[in-house]
Amino acid sequence: MRRWSVKGKVTSFDIAHMAGVSQPTVSRALRDSPLVNAETRKRVKAIAAQLNYKVDKNASNLRTQHAGTLALLLFEDTTADDSQINPFFHAMLASITRACGARGFDLLVSFQQMSRDWHADYEDSKKADGLILLGYGDYEAYRQKLDRLVAQGTHFVRWGAVQAGQPGVSIGSDNLSGGELATRHLIAQGHSRIAFLGDASPHYPEFEARHRGYARAMRAAGLSASKRLRVDALSSEAEGHAAATQLLDRGEAFDAIFAASDLIALGAMQALSERGLHVPEDVAVAGFDDIPMARLAQPALTTVQQDTRGAGEVLVGSLIELIAGRTAESRTLPTRLAVRRSCGASGGE
């Protein structure tokens, strides 16, 4: 084996250079972290032993002390225009910030891309006592990283669908009941050919639950939830516009749309307008989230409201319980329907 030597005090950065890895990888390897493969751990430890390198226990202990800070990791797809960040996240951020302040904690906000190793980076930085995860894109890929957080003992809670057997603590809305609530309202207005726009698959479990609620309401009314009236879409106006355009091009008759998010609904309303169709006279539309733009739409959008204020309080409270060494349970928060003019109901906002 090659003999290494360093003038002066040896640091983990010296070992990283010699081993051909990053400094965080050296830290993980010396702690036997499963995030580093066995061969790399062996190489790093051999170099550290040869140089008589010792971990600075004072610095290590400092990292284990409480920072009095919680970190909010907000995951969002990269766009050319920052205004495209989902407006629902803005309301959640405000709620979480208020809840942290009320509990005497600072909040560190970090925008992340799902492709990065954010789950590994946190283990070394210890800038915060625990994590709140908001937004995630494809849940199937995201879940693997949640499993890693559990394995490394990270304190975290997440906003999202509450499902049996999922890793960690999840706080989310009652998406199934919300979907059922919106669809039952559209049916009560006399609509029977109701389309669903949103990717209702295991990759997007919140949309999937909203679709189940929609389908349950349709069945209860003796109506068919036709596959021809379903178009996949992610949560953006562009996706909603494309989905509604695809629906119109199919030539299937429909008299209402339930969109899995407000952004999808707003994009769909634009597509309907471009085809000369009026909301709600020709097609009624309902969404989900109650973002600020829903009230400002023309006509104002009927939508399922999520309890963002309550969500912030429960997320922060649950995380603090975990940090204190106590247990916290996943919870589902109730939703309510905000009735406005887009569904054609009289007396709406």
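The following paragraphs examine the structure supplied in this document. (Residues numbered from 1 in each chain as written. Predicted model: local features only at pLDDT ≥ 70, side-chain atom pairs only at ≥ 80, totals over all residues. Heavy atoms only, no water.)

1. A short note on the packing of helix α10 (residues 237-250) against helix α11 (residues 262-274)
Between α10 and α11, the least distance of the axes is 6 Å, while the angle of their chain directions is 50°. As the angle between them shows, α10 and α11 are arranged oblique. The handedness of the crossing between α10 and α11 is right-handed. For the pair α10 and α11, the contacting residues are Glu237, Gly240, His241, Ala244, Thr245 and Leu248 in the first and Leu263, Ile264, Leu266, Gly267, Ala268, Gln270, Ala271, Leu272 and Glu274 in the second. (Axes fitted to C-alpha atoms, helices over the stretch in contact; angles between N-to-C directions. Helix = DSSP H or I, 4+ residues; strand = E, 2+ residues; numbered from the N terminus. Parallel < 35°, antiparallel > 145°, perpendicular 65-115°, else oblique. Left-handed = near helix turned anticlockwise from the far one by under 90°. Contact = heavy atoms within 4.5 Å.)

2. Some remarks on the nonpolar core
With 73 residues, the main nonpolar core has Trp159, Leu197, Ile257, Phe258 and Val285 as its most contacted residues. For Leu197, the residues in contact, after removing those within four places along its chain, are Val231, Gly240, Ala243, Ala244, Leu247, Ile257, Phe258, Ala259, Ala260, Ile264 and Ala268. Formed by 13 residues, the second largest nonpolar core is a distinct cluster that contains Ala16, Met18, Ala29 and Leu51. (Core = buried A, V, L, I, M, F, W, Y, C linked by side-chain atoms within 4.5 Å. Buried < 20%, exposed > 50% of the residue type's maximum accessible area, 1.4 Å probe, protein only.)

3. Focus: helix α13 (residues 308-323)
Residues three or four positions apart in an α-helix share a direction because the helix packs 3.6 residues into each turn. The end-to-end C-alpha separation of α13 is 23 Å, in line with the 22 Å expected for 16 residues at 1.5 Å each. Within α13, 13 of the 16 residues are buried, which leaves it mostly tucked inside the rest of the structure. Immediately downstream of α13, the backbone of Gly325 shows phi near 90°, a positive value. (Expected span 1.5 Å × (residues − 1).)

4. Observations concerning the pairing of strand β1 (residues 69-75)
Buried residues dominate β1, accounting for seven of its seven residues. Pairing geometry for β1 and strand β2 (residues 106-112), over seven bridges, is parallel. The residue of β2 that forms the bridge with Leu73 is Ser110. (Pairing = 2+ DSSP bridges.)

5. Overview of the side chain of Gln305
Assignment of secondary structure puts Gln305 in strand β10 (residues 302-306). Since its relative accessible area comes to 15%, Gln305 is described here as buried. Among the polar contacts listed, one links the side chain of Gln305 to the side chain of Asp290, at a separation of 2.8 Å. A distance of 2.3 Å separates a polar atom in the side chain of Gln305 from a polar atom in the side chain of Arg336. In this structure, Gln305 is in contact with Asp289, Asp290, Thr335, Arg336, Ala338 and Arg340, ignoring residues within four places of it in sequence. (Polar contact = N/O pair within 3.5 Å; in protein donor to acceptor, adjacent residues only side chain to side chain.)

6. Details of the sheet that holds β1
Taken together, six strands build an open sheet; the order of strands is β2-β1-β3-β4-β5-β11 and the sheet is parallel. Of all strands in the sheet, those with a lone pairing partner are β2 and β11 (331-333), marking the two edges. Going from strand to strand, the sheet's axes swing by 20° on average, the running direction of each strand aside. Together, β1, β3 (130-134), β4 (156-159), β5 (169-173) and β11 form the strand contacts of α13, whose direction differs from that of β4 by roughly 160°.

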